Amino acid sequence: MRAMQSTRPIIGITPSPVQETSPAFGDVVFHRMTNTYTSAVETAGGIPVVLPATYPAAAAQVVSRLDALLLSGGGDIRPSRYRDTGPQHEKTYGIDDARDEWEAALLEAAFAVDLPVLCICRGIQVLNVSCGGTLWQDVPTQMPGAASHKQPEGGSHLTAHEVAATGLLADVYGASTIGTNSFHHQGIKDLGAGLVACGTTLDGLVEAVEMPGKSFVLGVQWHPEAMFVQRPEHEAPFRALVAAVRRGALSVAD
Ligand code: MN
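Residues numbered from 1 in each chain as written. Predicted model: local features only at pLDDT ≥ 70, side-chain atom pairs only at ≥ 80, totals over all residues. Heavy atoms only, no water.

### Re helix α4 (residues 122-130)
In step 1: Across the nine residues that make up α4, a large majority, eight, are buried.
In step 2: Looking only at α4, the buried set comprises Arg122, Gly123, Ile124, Gln125, Val126, Leu127, Asn128 and Val129.
In step 3: Just downstream of α4 lies Gly132, where phi reads positive at about 90°. (Buried < 20%, exposed > 50% of the residue type's maximum accessible area, 1.4 Å probe, protein only. Helix = DSSP H or I, 4+ residues; strand = E, 2+ residues; numbered from the N terminus.)

### Quick look at the coordination of the manganese ion
In step 1: Binding of the manganese ion to the protein goes through His149 (ND1), His161 (NE2), Ser182 (OG), His184 (NE2) and Glu207 (OE), at separations of 2.2 to 2.3 Å.
In step 2: Overall, the relative accessible area of 5% leaves His149 in the buried class.
In step 3: Classification of His161 as buried rests on a relative accessible area of 13%. (Donors = N, O, S within 2.8 Å, 3.2 Å for Na, K, Ca; no water.)

### Observations regarding the pattern of salt bridges
In step 1: For the coordinates displayed, the defined rule picks out seven salt bridges.
In step 2: A salt bridge links Glu20 to Arg32, with the nearest nitrogen and oxygen atoms 2.6 Å apart. Taken as a pair, Glu20 in strand β2 (residues 16-22) and Arg32 in strand β3 (residues 26-32) lie far apart in primary sequence, twelve residues in all.
In step 3: Judged by its relative accessible area of 30%, Glu20 falls in the partly exposed class.
In step 4: Here Arg239 ties to Glu235 by a salt bridge, and the two come within 2.8 Å at their closest N and O atoms.
In step 5: Judged by relative accessible area, which is 39%, Arg239 ranks as partly exposed.
In step 6: Within this structure, Arg99, Asp100, Glu103 and Arg122 form a network of salt bridges that share partners. (Salt bridge = Lys/Arg side-chain N within 4 Å of Asp/Glu carboxyl O.)

### A short note on the environment of Gly248
In step 1: The residue Gly248 is located in helix α7 (residues 236-253) in this model.
In step 2: Gly248 sits 37 residues away from Met211 along the chain, and the two C-alpha atoms are 16 Å apart.

### A word on the environment of Lys189
In step 1: Relative to the helices and strands, Lys189 is located in the loop between β10 (187-188) and β11 (196-200).
In step 2: For Lys189 and Gln142, which are 47 residues apart along the polypeptide, the C-alpha to C-alpha distance reads 9.9 Å.
In step 3: Beyond its immediate chain neighbours, meaning those up to four positions away, Lys189 contacts Thr134, Leu135 and Trp136. (Contact = heavy atoms within 4.5 Å.)

### Notes on the packing of helix α3 (residues 97-112) against α4
Axis angle and axis distance: for two packed helices, these are the angle between their axes and the distance between the axes, and together they describe the pair.
In step 1: Following both chains from N to C, one finds α3 and α4 inclined at 70°, their axes separated by 10 Å at the closest point. Our classification of the angle between α3 and α4 gives roughly perpendicular. Along this stretch, α3 crosses α4, giving a crossing that reads as right-handed. Facing α3, whose interface residues are Arg99, Asp100, Glu103, Ala104, Leu107 and Phe111, α4 presents Arg122, Val126, Leu127 and Ser130.
In step 2: Here the residues of the contact of α3 with α4 are counted per class, giving five nonpolar, one polar and four charged. (Axes fitted to C-alpha atoms, helices over the stretch in contact; angles between N-to-C directions. Parallel < 35°, antiparallel > 145°, perpendicular 65-115°, else oblique. Left-handed = near helix turned anticlockwise from the far one by under 90°. Nonpolar A, V, L, I, M, F, W, Y, C, P; charged D, E, K, R; others polar.)

### A few points about the sheet that holds strand β4 (residues 47-50)
In step 1: Spatially, the nine strands line up as an open sheet ordered β4-β1-β5-β6-β13-β12-β11-β8-β9, and their pairing is mixed. Among the strands making up the open sheet, the edge pair consists of β4 and β9 (177-180). Within the sheet, the average angular offset between the axes of one strand and its neighbour, ignoring direction, is 25°.
In step 2: Both strand β12 (residues 206-210) and strand β13 (residues 217-220) contribute to a ladder of three bridges, which runs antiparallel. Counterpart to Ala208 in the pairing with β13 is Val220.
In step 3: Seen against the sheet, α4 touches β5 (68-71), β6 (117-120), β12 and β13 and runs at an angle of roughly 115° to β6. (Pairing = 2+ DSSP bridges.)

### Side note on the nonpolar core
In step 1: In this structure, Leu70, Ile120, Leu169, Val172, Phe216, Leu218 and Phe238 are the most contacted members of the largest nonpolar core, which totals 33 residues.
In step 2: Within the residue set of this core, elements represented by two or more residues are β1 (10-14), α1 (35-43), β5, β6, β8 (161-165), α6 (167-173), β13 and α7.
In step 3: Not counting the four nearest positions on each side in its chain, Phe216 is found in contact with Leu115, Pro116, Val117, Leu168, Val172, Pro237, Ala240, Leu241 and Ala244.
In step 4: One finds Leu51, Trp102, Cys131 and Val209 within the second-largest nonpolar core, a separate group that totals 30 residues. (Core = buried A, V, L, I, M, F, W, Y, C linked by side-chain atoms within 4.5 Å.)

### Considerations on unusual backbone geometry
In step 1: A positive phi angle is found at Arg83, which is not glycine, with a value near 65°.
In step 2: By secondary structure assignment, the location of Arg83 is in the loop between β5 and α3.
In step 3: For Arg83, a relative accessible area of 55% gives the class exposed.
In step 4: Of note, Cys121 is a non-glycine position whose phi angle comes to about 55°, a positive value.
In step 5: Residue position: Cys121 is located in the loop between β6 and α4.
In step 6: A residue is classified by how much of its surface remains accessible, and Cys121, at 7% relative accessible area, is buried.

Shown next as structure tokens:
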């Protein structure tokens, strides 16, 4: 007799590749993320599974084993992916082509089967670029009238600015104003096709997007996973992701 299966949804999370020197193994790449991502998924009722970049052609196969997808924060996207082919901005950093390609393939596969998707920080930028949108390579030096989006190091649970919420974001948080942290230097410039802004800061930067054609696609520019322990309202995006999985499973069962 098979053991009773867990009903917790399996949520794939993409890590950041980080080159470091290991005392034992020399120069190696660590597939890294903070435990706050995995804890937030567990708190919301999911099981986290880490998805390091691999063959993009395998994305549909991987997605078929997942209940939901979470794109995490990290370095910048190669600007040519959003048709920015001029000189690279001096602040653009951490480009990893394998990760860019892997996350683009995962999103395409997820959209094809309407898998619930949550995109955080770099993730909202990957989502926007995948839909044909563009980015500010450096918000403080390029975006007219930009407020500060880099709060001091430490205290990542602290509020740096407010986000005016509408649509899906307002529904998820049950609020029209959300205090968020801010640790990004890039941001959405032109919105991608099929995306609708649902969160904006006072300076006009789009910090949350949804995809109305899908059952659940939410991108946020801040880091709710770094806030939810001290400020439980930031569990909301993770709980909404799990709830979207459960709604999908119910509609299949019906
Ligand atoms: Mn911000």
